[in-house]
Amino acid sequence: QITILTSQSSKEMVKQLEKKLKDVDLVSLRKIQVIEVLKRDFLESEDVEQCSPEEPSSSDIAILGMDIDVQTVEDTVISLEMLFKTWLHDYGMEREQLHLLLPSGGLSHAAAPKSTLMCLKCDLQERLLDPALLLGADGTMKVADPNSPCHMAAWPGTVLHKLRVVKALKSEGVCESVLYGLPFIIKPTSCWQLDWDELETNQHSFHALCHSLLKKNWMLLAKREPQNTSPNWNIVVHSYYIIIPSDSATLLVKAVAIRELLLPSAFPALLPEHPERILGPIESALNSLEVEVAYNPLHIKSNLYKHLKSSLYKPLHRQQAQPRDQRLERHQPKQPQSRAKAAVAPLLMAPSPLQAFRPAVVRRDSCERSALPKE
């Protein structure tokens, strides 16, 4: 897979690719992607519809028997950040990733065998990066346990998983406190090995399921089927999930607590009335808050990038200080320890790679502001 990030015209870039690749064997090449970065002033002057950060506009141009994915993205930090994060998704289309098993409602319960199920073929997409896989506050690497049966992030995209729907739940009857783990997005599969008619039917059935759940205001309780048929003496731990519909043509899936995981809790009922001397200051404090219509994660920063940068960055002087000390100690005459400390001058620490570039900018024009962004 080849991705070209350019500020040139995407049409001109496609023409250049057509000339350069006309004599090249493209059998082993899965995808060619050309991403044109558009400046904001260009977008405003040409009245081009601006793309959202998460969904850059794209089109396919067929040359040399291959579709070239052409996208345009705005030159903002958030747009480019979301563009690079799309590389973290698993876009393997060799097989579907999830089978959502529903009871067959078209047949009567008496005539239908117990094994008759309706199967919707789906793909899984991560919604969030797993914080457990990132560096901790102490700089050590934290790795999630992939063997945990209740760990959603342990699902690799190359393995087919099955979720069997066992119950329907009223949406207002599901407490958020019993949901845990990272959310995943379920969408109809785009596996290229399936027939076009099967893909179309599967997609329509998936959309009908989303529409029906929204209409009924239902959620689904599903049990994860075991991967392999194990012997009878091996006990299989079943994990359960809640499937939540949304206005989009996707479903949200999250792990739900089971009996063995639930801790005892007794919460008192909320009092219907409160004294005015207590209620007044609370309402005044709430009224002073800024009210947002919806939560937008793009407006909230936690300095995670800066933390990872400082944790992974190792200055050169830490590696060079010890050999340099050893070289100086070899040339110094043996003296008492107290006199040696006073005789040896302090060593100049080597500048870090980032600091080495900053004096050049200052010398060039110390009065002008640095053009480098703070981030």
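Below or above, wherever it landed, is the structure these notes cover.

Cut-off values and rules
Residues numbered from 1 in each chain as written. Predicted model: local features only at pLDDT ≥ 70, side-chain atom pairs only at ≥ 80, totals over all residues. Heavy atoms only, no water. Buried < 20%, exposed > 50% of the residue type's maximum accessible area, 1.4 Å probe, protein only. Pairing = 2+ DSSP bridges. Helix = DSSP H or I, 4+ residues; strand = E, 2+ residues; numbered from the N terminus. Axes fitted to C-alpha atoms, helices over the stretch in contact; angles between N-to-C directions.

To continue, consider unusual backbone geometry. Notably, Asn-217 is not glycine yet its phi reads approximately 60°, a positive angle. If you check the backbone angles, Asn-303 has positive phi at about 65° while not being a glycine. You can call Asn-303 partly exposed: its relative accessible area is 47%.

With mixed pairing, seven strands are arranged side by side around a closed barrel as β5-β6-β8-β11-β10-β9-β7. This sheet shows a mean twist of 40° between the axes of neighbouring strands, independent of strand direction. Two strands pair when backbone bridges link them, and strand β7 (residues 161–170) and strand β9 (residues 218–224) are joined in this way by seven bridges, in the antiparallel orientation. Residue pairing in the sheet places Ala-168 in a bridge with Leu-220 of β9.

What follows deals with the pairing of strand β5 (residues 98–103). Of all the six residues making up β5, five are buried; the element is thus mostly covered by neighbouring parts of the structure. Pairing geometry for β5 and strand β6 (residues 117–126), over six bridges, is antiparallel. When the bridges of β6 are listed, Leu-102 appears paired with Met-118. Where β5 and β7 come together, four bridges link them in parallel fashion. The residue of β7 that forms the bridge with Leu-100 is Leu-163.

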